[in-house]
Amino acid sequence: MTTRILVFDSGIGGVTVLGPIVARMPDAEIVYVADDAGFPYGEWEADSLKERIVALFETLIAEHRPDVVVIACNTASTLVLPVLRARFACPFVGTVPAIKPAAALTKTGIVAVLATPATVKRDYTFDLIADHAPDTAIVLVGSHRLAGLAEDRFFDRPLDEAAVAAEIAPCFVDKEGQRTDVVVLACTHYPLLENVFRRLAPWPVSWINPADAIARRVADVAGIATGGDAPLWPQAFREGRVVFTSGRAAPFSYATFLEHGRCGAG
């Protein structure tokens, strides 16, 4: 029986999670849903966004009947996962800031969490810091523009690199001889710009993208054994669907959509 996985994001950022999922589960049937009519989520008021997402899933669950749902969005996950899990029978896998591995990795004790304005305000984020990084200096950076800039890059529109540099600049802290050495990419859009970040950064840091860990979790929840390390990229995979909540047609075939997203993160 084919496993059907619904991957949900506010836009195209979720392709950075979709790629590793497909690599581990090439026989799964994928439905990718982009709530582009509500993009960007980082600017929404919490109650309104929660109401919107729950209402969307009333339709999405009934229409697509997924075996597993992946909320490939930190802003949505830190807000609405408990509500979705209580309301619907199918399992949900979320995406939350990778603060625990960042705290384990840092050598200087200074970690930046690069997220949306909404994610850096969430109690969920502060709880992660309290639980997993109480002795680490966590710099919370809420970017208003990076998600949109990532969409520009994905759709081959001109990229304002000066704006990218300005948005990541607060991540880089030099205090008493110690510098930021780890940056958590706490929005699934941001890995689409990771190579640009590396080039524009004032000094080298480790960039944490939790997509592979999320894919492992999805495979576990789906009950699919991947037999150790999955191939980095499958040569062939089951055709999926791309759904935009605005109703516009997907700009590419599913295969091209997925491959374009992978290349954007390279």
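Everything here concerns the structure above.
Please read all numbers here as calculations on a predicted model, not as lab measurements. (Residues numbered from 1 in each chain as written. Predicted model: local features only at pLDDT ≥ 70, side-chain atom pairs only at ≥ 80, totals over all residues. Heavy atoms only, no water.)

## Some thoughts on the pattern of salt bridges
Enumeration over the complete set of coordinates arrives at 9 salt bridges. Residues D35 and R52 are paired through a salt bridge, measuring 2.7 Å at the closest nitrogen-oxygen approach. Highlighted residues: D35 in the loop between strand 2 (29–34) and helix 2 (46–64) and R52 in helix 2, separated in sequence by 17 residues. Where R198 meets E194, a salt bridge forms, and the shortest distance between an N and an O atom there is 2.7 Å. Of this pair, R198 and E194 both sit in helix 8 (residues 194–200), 4 residues apart, which is roughly one turn of that helix. Note on R198: relative accessible area 47%, which makes it partly exposed. Judged by its relative accessible area of 12%, E194 is buried. (Salt bridge = Lys/Arg side-chain N within 4 Å of Asp/Glu carboxyl O. Helix = DSSP H or I, 4+ residues; strand = E, 2+ residues; numbered from the N terminus. Buried < 20%, exposed > 50% of the residue type's maximum accessible area, 1.4 Å probe, protein only.)

## With respect to the sheet that holds strand 6 (residues 137–142)
In space, the 4 strands of this open sheet follow the order 6-5-9-10, with parallel pairing throughout. Of all the strands in the sheet, just strand 6 and strand 10 (206–208) have a single pairing partner and so form its edges. Averaged over neighbouring strand pairs, the angle between their axes works out to 20° when direction is ignored. Relative to strand 6, strand 5 (residues 110–115) is paired through 6 bridges, and the arrangement is parallel. Within strand 6, the position partnered with A112 by the bridge is V139. (Pairing = 2+ DSSP bridges. Axes fitted to C-alpha atoms, helices over the stretch in contact; angles between N-to-C directions.)

## What about the packing of helix 2 against helix 3 (residues 74–87)?
Axis separation between helix 2 and helix 3 bottoms out at 10 Å; the angle between their running directions is 50°. It follows that helix 2 is oblique to helix 3 by the angle criterion. In this structure, helix 2 meets helix 3 at a crossing whose hand is right-handed. Taking contact as the criterion, the partners of A46, L49, K50, I53, V54, F57 and E58 in helix 2 are, on helix 3, T75, A76, L79, V80, V83, L84 and R87. (Parallel < 35°, antiparallel > 145°, perpendicular 65-115°, else oblique. Left-handed = near helix turned anticlockwise from the far one by under 90°. Contact = heavy atoms within 4.5 Å.)

## Some thoughts on the environment of C187
Residue position: C187 is located in the loop between strand 9 (182–185) and helix 8. Considered as a pair, C187 and A115 are 72 residues apart in the sequence and their alpha carbons are 5.3 Å apart. Setting aside residues up to four positions removed in sequence, C187 forms contacts with N74, L114 and T116.

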